[in-house]
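Commentary on secondary and tertiary structure
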Amino acid sequence: MSVPLDHIRNFSIVAHIDHGKSTLADRLIQTTGGLDLREMKEQVLDSMDIERERGITIKAQTVRLTYKAQNGETYILNLIDTPGHVDFAYEVSRSMSAVEGSLLVVDASQGVEAQTLANVYHALDANHEIVPVLNKVDLPAADIPRVKQQIEDVIGLDASDALEISAKTGIGIDTVLEAIVHRLPAPKGDINAPLKALLVDSWYDTYLGVVVLIRVVDGTIRKGQKVRMMASGATYELDRVGVFTPKLVTVDNLGPGEIGMFTASIKQVADTNVGDTITDDRKPTEHALPGFRPAQPVVFCGLFPVDASDFEELREAMGKLRLNDASFSYEMETSAALGFGFRCGFLGLLHLEIIQERLSREFDLDLIATAPSVVYEIELTSGETMHLHNPADMPDVVKIEEIREPWIKATILTPDEYLGSILKLCQDRRGIQRNMTYVGNRAMIEYDLPLNEVVFDFYDRLKSISAGYASFDYTLSDYRPGDLVKLSILVNAEPVDALSMLVHRNAAESRGRQMCEKLKELIPPHLFVIPIQAAIGGKIIARETIRALRKDVTAKCYGGDATRKRKLLEAQKRGKKRMRQFGSVEIPQEAFIQALKMGDE
Amino acid sequence: MSTETLGHNSVDPRSNGLFGVYVHWPFCAAKCPYCDFNSHVHRGEFDEPAYVEAYSRELAHFARQTEGRVVQSIFFGGGTPSLMDPRSVAGIIDAIAQHWTIDPKAEITLEANPTSVEANRFRGYRSAGVNRVSLGVQSLREGPLAELGRRHTVDEAIAAVRLAQSIFPRSSFDLIYTRPKQTLADWEDELTDALWLAEPGHLSLYQLTIEMGTRYYDLFKAGKLKMPDEDTSADFYELTQELTQKAGLPAYEISNHARPGQESRHNLIYWRYGEYVGVGPGAHGRLLINNQRHATATEKMPFDWHKKVLARGHGLVTDDILTWEEEGDEMLVMGLRLREGIDPRRFHRIAGRAISDRQIAELKAIGFVETLPNGFIRVTDKGWPVLDAVVADLAA
């Protein structure tokens, strides 16, 4: 039942968070009758709770719409909803390469944001035809001419025939559907060639097992077929082929240009690599699709259970999450401070936050996360090169020839009134300015920045100094040598491994001082004086002192009411269980969490 | 400390051979703004004999569970027991005597407010058998007395203390210090007066604490009550230790001071983790039945308590068998408040575990705990002001 190629249109929607991508997708589904009103949950496409709450997309999803155009013909429109965050840049690029065109949705009152830009570049890289769409034109603050001008100036797209819509009220939805049919190209492909399909994404479904999202390029894929994943070499017999309307509907086969899914008794998502090429096992295609690369974690941190007895539960939860998210990696780690836990690798900070949030939400686990760290390349005097994921593993300085750290290319868009403080922030974080242009009253700044300065709290700082108006995006660029030192924190003369970090030598002192000050607030007074020190190697660079407790005694006991006193003691004992013992000092969990969150206040 | 042996109870390590009866009289003429004790102001008709009857019935209930004990102490606490008719006090003491043997040297204490009305009943209490009063003086300064919501004047208080000293073999009074606005110098003066007045022997000196559910708590939350900070509070405590020590009334417990031999035997039963029955609304007890320690508590609301006692002979709302760990915790919490400390061997027998050697060693190293020649462990002068933290370490 393959659909003729010229009656298929495949597209994605490019937008900044909150500019209305999901609302538009919902509206398109509703207008073409994919779901009736009763079935419409708000924003069908973002199905994870976290996705819906944060308005972000983590997993690519597709929906196949059947649209009867004004010319009387019926078209199949396949929408891929792509992840919209820089952490998932590779996934975005694969999703983009599965479709031929994009709708560029820009909020008519807000204008172009940094994230929009990054995703437009992905679309351009994938040779998309792009249709600009101004959303929320019904808002009083909408400034259509200005935003059109901005699209032309910043992105370099002709915006003269941009569509003007309101996804919320439904204004202009018909023009969007017509533009998809008439302005976007039909896919190309050869139905008679050997099967060649792109693995767009995959996820674990409790009922179906691993669900693989694909775009067929050549040939057909059908139930019962034995297919091969070209990168991994694994073969599977397909139990089910289907499309999402957005409900799952099984079909006999999918032909060139079509987008759909299959299941094949695949055990875990890690067996499927985004970007891999799927072909027929007996009649394979000669060349795999270009652009495949395995997932590479960029940011690492340790995750430890607050309650040490939750370790096994954490291990199980990690295993379950990994089933569904192959880009997240973990291995066991032991910390003197925090006990047993895991060193985890993530695609970026958002990815880290999402995993952490899912662990606490879906598995009900309280976690302590250590400071996020990037991957350093260390060239040893022996000539070997090592990759350092954990500051605790840093070799002795005398064995180090050179430390190299990852740098990024960052793009920041901001109203010009915040420009000064943003430039200062970038300078403070060792940034190198590459470019600065003005578009109306907005500035676009491009900076090279060390990633380790960004993982700390750059994004929060940026948001706070720009009252939330600046937007930020980045791509990893290269490794560069850096004058980096390991900053250790000592509590009562004992080093606390979970708090150590690699920082630039020039920032070490101020970071050390902040850390000491913060810990002084967070560690409750003990029966003795506690020094808190920051050190590089053996040299103390900052010190604070927690004074000793002077008064802590219940004055009066009520008659023989020992129960009340006992309950207080029991509460104290429970509190102690939630502390981490360091020599004779007890550090509350909260202190680890807060100290590592530290900003530049 | 008193070395006098009391009673003839078998010296079981769980009770230390100590047995007392606590009688809670929950009624007050007015509620004081700092007080979170179980106290109630009754309005209109009040049938006191009917309540006395209920106390007798509840005593009978507990007596069945603690047959054969010798009562070493009876304590009428409140509330305000000095609002009781002396005949009611006599009635309750008689009921106790019916069920148990009262040691001839037993201490029988009654808490009293030092108003002139109440002082008029002192002789009646003495005739009923009371041999010790504890007076809620709270302050020897007029302004603070009014602020604390007390219904007596300084002169009345002094007269009541003097009268009590002439009627009862032993007496004590309470003061509250580290009050809002109070300076160290103020307290030095006031405490000096108190030590002069306290001859021959017992003082309870409590630092003011803000308890939930009191009017002070609301004021404090609203920022209308400035409480001294931790350092000031420590200074007050140290000054108190110094002055009482010099006057020959050293602390034998965190907040209690006595000339040797003048200690409250009743409170020692609690602190030495002995056995005690608690009757009346909202009273707590610790009973040893079949070698298990029961933690009992009765209904707090007087009317409901009374109804319960009439219906089933007791007003119990809690009767828990404590675990070894809980017993150990209670023994530490209570016992380490005492200057004499606790016997670690007895702790081991009660709690089924030893106190951590590492914890003791660490606390000794920093001078907060010491071992006495008799093997007892006690918290040092330096450790006392931070007792709660020390106990938490030892219990952990």
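The next thing to look at is the overall build of chain B. The secondary structure content of chain B amounts to 15 helices and 14 strands. Within chain B, buried positions represent 60% of all 396 residues. Within chain B, contacts between residues separated by at least 24 positions form 70% of all contacts whose residues are at least 6 apart in sequence. Total accessible area on chain B stands at roughly 15,800 Å², and carbon and sulfur atoms take up 52% of it.

A separate point is the interface of chain A and chain B. The interface is formed by 28 residues belonging to chain A together with 48 residues belonging to chain B. Of the roughly 3,600 Å² buried between chain A and chain B, counting both surfaces, carbon and sulfur atoms make up 55%. Counting across the chain A and chain B interface gives 12 salt bridges. With a closest N to O distance of 3.9 Å, Arg566(A) and Glu326(B) form a salt bridge.

Residue and element names in this part refer to chain A. Looking at the element boundaries, Leu 323 is found in helix H7 (residues 311–324). Sequence spacing of Leu 323 and Lys 267 is 56 residues, and the spatial spacing of their C-alpha atoms is 8.1 Å. Setting aside residues no more than four positions away along its own chain, Leu 323 makes contact with Tyr 204, Lys 267, Gln 268 and Val 269.

Attention shifts here to empty space enclosed by the protein. All names here are of chain A. With the rule as written, the count across this model stands at seven cavities of 30 Å³ or more. Taken as a whole, the second largest cavity encloses approximately 150 Å³ of empty space. The wall of the second largest cavity is formed by 15 residues, among which Pro 372, Tyr 376, Asn 452, Met 501 and Leu 502 lie closest to the centre. For the lining of the second largest cavity, the elements supplying multiple residues, two or more each, are strand E21 (373–374), helix H10 (451–465) and strand E30 (501–504). In terms of residue count, H10 provides more of the lining of the second largest cavity than any other element does, four residues in total.

The next thing to look at is the packing of aromatic side chains. Per the stated rule, a full pass over the model turns up 23 aromatic pairs over all chains. Between Tyr459(A) and Phe472(A) the ring centres are 6.0 Å apart and the planes differ by 45°, which places this aromatic pair in the tilted class. Here Phe472(A) lies in strand E27 (residues 471–481) and Tyr459(A) lies in helix H10, a separation of 13 residues in the sequence. In this structure Tyr459(A) comes out as partly exposed when scored by relative accessible area, which is 38%. Owing to a relative accessible area of 11%, Phe472(A) belongs among the buried residues under this scheme. Measuring from centroid to centroid gives 5.6 Å for Phe27(B) and Tyr51(B), while their planes differ by 90°, and the two rings are edge-to-face. With Phe27(B) in the loop between strand E1 (19–25) and helix H1 (48–65) and Tyr51(B) in helix H1, this residue pair connects regions lying 24 residues apart in the sequence. Like Tyr51(B), Phe27(B) is buried.

Time to look at the sheet that holds strand E7 (residues 196–205) of chain A. Residue and element names in this part refer to chain A. An order of E11-E10-E16-E7-E8-E15-E12-E13 is seen for the eight strands of this open sheet, with the pairing classed as antiparallel. What marks the edges here is a single partner per strand, and that holds for strand E11 (235–237) and strand E13 (248–250). Between one strand and the next, the sheet's axes are offset by a mean angle of 40°, whatever the strand orientation. For E7 and strand E16 (residues 277–280), the ladder comprises three bridges, and the chain directions are antiparallel. In the strand pairing of E16, Ala 197 is matched with Ile 278.

Summing up the model confidence of chain B, the mean pLDDT is 93 and the portion of residues at 70 or higher is 97%. Predicted confidence for residues 1–5 of chain B stays below pLDDT 50, and this span has 10 contacts to residues more than four positions away or in other chains.

This part takes up the side chain of Ser204(B). All names here are of chain B. Checked against the element boundaries, Ser 204 lands in strand E6 (residues 202–207). For Ser 204, a relative accessible area of 4% corresponds to the buried category. Excluding anything up to four places from it in sequence, Ser 204 contacts Ser 172, Phe 173, Asp 174, Leu 175, Ser 255 and Asn 256.

This part is about the nonpolar core. Core analysis: the largest hydrophobic core is formed by 143 residues, its most contacted members being Phe592(A), Phe76(B) and Phe173(B). Counting only domains with at least three residues in this core, you end up with domain 1 (19–270) and domain 2 (340–396) of chain B. Excluding its chain neighbours within four sequence positions, the residues that come into contact with Phe173(B) are Leu135(B), Val137(B), Val161(B), Ala194(B), Leu197(B), Ala198(B), His202(B), Leu203(B) and Ser204(B). Within the second largest apolar cluster, 50 residues are counted, among which are Ile355(A), Tyr376(A), Leu388(A) and Ala410(A).

Bringing the sheet that holds strand E6 (residues 163–164) of chain A into the picture now. Pairing between the strands of a sheet comes from backbone hydrogen bonds, and it takes one of two forms, parallel or antiparallel. Residue and element names in this part refer to chain A. With respect to topology, six strands assemble into an open sheet ordered E2-E3-E1-E4-E5-E6, the strand pairing being mixed. This sheet does not close on itself; its edge strands, each paired only once, are strand E2 (61–68) and E6. The pairing of strand E1 (residues 8–15) with strand E3 (residues 74–81) spans five bridges and is classified as parallel. Note that in E3 the partner of Ile 8 across the bridge is Ile 76.

All right, on to the pattern of salt bridges then. Residue and element names in this part refer to chain B. Evaluated as defined, the whole model comprises 57 salt bridges over all chains. Across the pair Asp 381 and Arg 339 runs a salt bridge whose closest N-O atoms are separated by 2.6 Å. Taken together, the residues span a long stretch of sequence, with Asp 381 in the loop between strand E14 (377–379) and helix H15 (387–395) and Arg 339 in the loop between helix H12 (324–335) and helix H13 (344–351) at a distance of 42 residues.

Helical geometry: 3.6 residues make up each α-helical turn, so side chains three or four residues apart lie on a common side. Across the nine residues that make up H15(B), a large majority, nine, are buried. Regarding H15(B), the residues found buried are Leu387(B), Asp388(B), Ala389(B), Val390(B), Val391(B), Ala392(B), Asp393(B), Leu394(B) and Ala395(B). Turning to H15(B), the residues buried within the fold contact helix H12 (562–577) of chain A together with H12, helix H14 (357–365), strand E13 (369–371) and E14 of chain B.

Take the packing of H7(A) against helix H8 (residues 349–362) of chain A next. Residues and elements named next belong to chain A. Relative to each other, H7 and H8 sit at 120°, their axes nearing to 11 Å. When the axis of H7 is compared with that of H8, the two are oblique. The hand of the H7/H8 crossing is right-handed. Residues Leu 314, Ala 317, Met 318, Leu 321 and Asn 324 of H7 pack against Ile 355, Arg 358, Leu 359 and Glu 362 of H8. Here the residues of the contact of H7 with H8 are counted per class, giving six nonpolar, one polar and two charged.

Backbone geometry follows two general trends: most residues other than glycine have a negative phi, and most peptide bonds adopt the trans configuration. Residue and element names in this part refer to chain B. Of note, the bond from Gly 78 into Gly 79 is cis; its omega dihedral lies within 30 degrees of zero at 20°. Position of Gly 79 relative to the elements: it lies in the loop between strand E2 (70–78) and helix H2 (86–99). Unusually for a residue other than glycine, Tyr 273 sits at a positive phi of about 55°. Secondary-structure assignment places Tyr 273 in the loop between helix H10 (265–271) and strand E9 (275–279). The phi torsion at Asn 290 lies on the positive side, around 50°, for a residue other than glycine. As for its position among the elements, Asn 290 is in the loop between strand E10 (284–289) and strand E11 (292–298).

Cut-offs applied
Residues numbered from 1 in each chain as written. Chains lettered and ligands numbered in written order. Predicted model: local features only at pLDDT ≥ 70, side-chain atom pairs only at ≥ 80, totals over all residues. Heavy atoms only, no water. Helix = DSSP H or I, 4+ residues; strand = E, 2+ residues; numbered from the N terminus. Buried < 20%, exposed > 50% of the residue type's maximum accessible area, 1.4 Å probe, protein only. Contact = heavy atoms within 4.5 Å. Areas by Shrake-Rupley, 256 points an atom, 1.4 Å probe, with all protein chains shown as cover. Buried area = accessible area lost by both parts, 1.4 Å probe. Salt bridge = Lys/Arg side-chain N within 4 Å of Asp/Glu carboxyl O. 1 Å grid on protein atoms, 1.4 Å probe; cavity = no way out; pocket = protein on both sides within 12 Å on 5 of 7 lines; lining within 4 Å. Points joined across faces, edges and corners; volume = space filled by probe spheres on them. Phe/Tyr/Trp six-rings, centres within 6.5 Å; stacked < 30°, edge-to-face > 60°. Pairing = 2+ DSSP bridges. Axes fitted to C-alpha atoms, helices over the stretch in contact; angles between N-to-C directions. pLDDT = per-residue confidence, 0-100. Core = buried A, V, L, I, M, F, W, Y, C linked by side-chain atoms within 4.5 Å. Domains from an automatic or database assignment. Parallel < 35°, antiparallel > 145°, perpendicular 65-115°, else oblique. Left-handed = near helix turned anticlockwise from the far one by under 90°. Nonpolar A, V, L, I, M, F, W, Y, C, P; charged D, E, K, R; others polar.

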